[in-house]
Amino acid sequence: MRDYLKEAFLFRWNLLFLLGGTAAAAMTPLAPVLLPLVAAGELTYLTGLISIPRFRAAIDAKLHAAGAEARASGAPATPPVSIVTMLSGLPADARTRFERLHTRCVDMRGIAAGVRGAAGDPNAGAEEIRTPGLDRLLWLFLRLLLSKTALDRFLASMDEPQINTRLADLRKSLETAKTGGDERIVRSLQDNLASTELRLDNFTRAKKNAEFVSIELDRIEGKIQTIAEMAVNRQDPDFLSSQVDSAADSMRQTEKAVSELQHLTGLAGELAEPPPIMETDFRRVLRHDA
């Protein structure tokens, strides 16, 4: 939306009429009346123009062409430092899983463009699926991988049978202490029992969170792969874009859950907005870290 507004505002005829109209209105005695009308006309022009699908498609094509030219003239974009830190914190199999999914999305997008170009479509470049939705899905997938890694480490550090055995022993000792009449021992055992029950509760919640994260990883992976494969068979870029946006919007509850788990990853304040993952070369970084 910011790019659409920028292009619409900086259009030379718009600037000419806007500046001319503002100057003309300012020089008349009716400036207090005319200037708001000029502003209202400019707002109407901007909202009307960015609502036209053909205009948005033209801007998308322009931005994509600029990005492709930049990538062709220089080295591929490298990931932000925060993403490199996240990738470094993943085990090898998780990094490989992310790399495989990212590579599949990039390859499928290229295949889709090739199919449209081979079909004689002069606007093939403009009809590539828009990537912000895929960026959001891949970004969520990466954060889920990091959360799963943290949860797995936490669960591996705890021994559920040992905790249950400890609980049973404490309950038995508490019952015995209550018959002995020593209030100090009873209070100490009650506090110990409460702490152990809290440990078990934490373990149970972490186990459920880990199961949820694993299921969500499979779900997002399936959605991304399905959308990427649809790009080969579908010739309608608006349909594909709507599928990407719909899939991204369906992940709102997952994003909320991931935000609640960010205390496990230590990256709660890093990159609140999805970075341009589809335009970033992760393979060099992943091979370097492997």
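The sections below set out a description of the structure shown in this document. (Residues numbered from 1 in each chain as written. Predicted model: local features only at pLDDT ≥ 70, side-chain atom pairs only at ≥ 80, totals over all residues. Heavy atoms only, no water.)

Regarding its fold elements, the chain presents 13 helices and 0 strands. Secondary structure elements of the chain, listed N to C terminal, follow the sequence α-α-α-α-α-α-α-α-α-α-α-α-α. (Helix = DSSP H or I, 4+ residues; strand = E, 2+ residues; numbered from the N terminus.)

A word on the side chain of Glu221. Here Glu221 is to be found in helix 9 (residues 183-233). Beyond its immediate stretch of four places on either side in the chain, Glu221 contacts Arg97, Leu101 and Phe141. (Contact = heavy atoms within 4.5 Å.)

Along the chain, Ala168 turns up in helix 8 (residues 160-180). Given the relative accessible area of 40%, Ala168 is considered partly exposed. Along the primary structure Ala168 and Leu193 are separated by 25 residues, whereas in three dimensions their C-alpha atoms are 9.4 Å apart. (Buried < 20%, exposed > 50% of the residue type's maximum accessible area, 1.4 Å probe, protein only.)

Leu142 and Ile224 are the most contacted members of the largest nonpolar core, which has 42 residues in total. Counting residues per element, the ones that place at least two in this core are helix 5 (81-88), helix 6 (92-118), helix 7 (132-156), helix 8 and helix 9. Discounting chain neighbours no more than four positions away, the residues touching Ile224 are Leu101, Cys105, Leu134, Leu137 and Leu138. Residues Ala8, Leu46, Phe55 and Ile59 belong to the second largest nonpolar core, which totals 6 residues. (Core = buried A, V, L, I, M, F, W, Y, C linked by side-chain atoms within 4.5 Å.)

Scanning the entire structure with this criterion turns up 8 salt bridges. Ionic pairing is found between Glu221 and Arg97, a salt bridge with its closest N-O pair at 2.9 Å. Within this pair, whereas Glu221 is found in helix 9, its partner Arg97 is found in helix 6, the two being separated by 124 residues in sequence. Between Arg205 and Asp201 there is a salt bridge, with the nearest N and O atoms lying 3.2 Å from each other. Here Asp201 and Arg205 lie together in helix 9, a separation of 4 residues that amounts to about one turn. By relative accessible area, which is 44% here, Arg205 ends up partly exposed. Judged by its relative accessible area of 37%, Asp201 is partly exposed. One salt-bridge network, held together by shared partners, links Arg97, Asp218 and Glu221. (Salt bridge = Lys/Arg side-chain N within 4 Å of Asp/Glu carboxyl O.)

Further remarks concern a nonpolar patch on the surface. On the surface, Phe11, Trp13, Leu16 and Phe17 cluster together into a nonpolar patch covering about 460 Å² of accessible area. As for its placement among the helices and strands, Leu16 is situated in helix 2 (residues 12-26). (Patch = residues over 30% accessible without salt bridge, like charges linked within 9 Å, V, L, I, M, F, W, Y side chains within 5 Å. Areas by Shrake-Rupley, 256 points an atom, 1.4 Å probe, with all protein chains shown as cover.)

Let us look at the side chain of Glu216. When you line up the elements, Glu216 lands in helix 9. Here Glu216 falls in the buried class, since its relative accessible area comes to 7%. Setting aside residues no more than four positions away along its own chain, Glu216 makes contact with Leu144, Met251 and Thr254.

This part is about helix 2. With 15 residues, helix 2 should reach 21 Å at 1.5 Å per residue; the first-to-last C-alpha distance of 21 Å fits that figure. Within the sequence span of helix 2, burial applies to Asn14, Leu18 and Ala25. Buried residues of helix 2 fall within an arc of 45° about the axis and therefore sit on the same side. Within helix 2, the exposed residues directed more than 90 degrees away from the buried face are Arg12 and Leu19. (Expected span 1.5 Å × (residues − 1). Arc of directions from axis to C-beta.)

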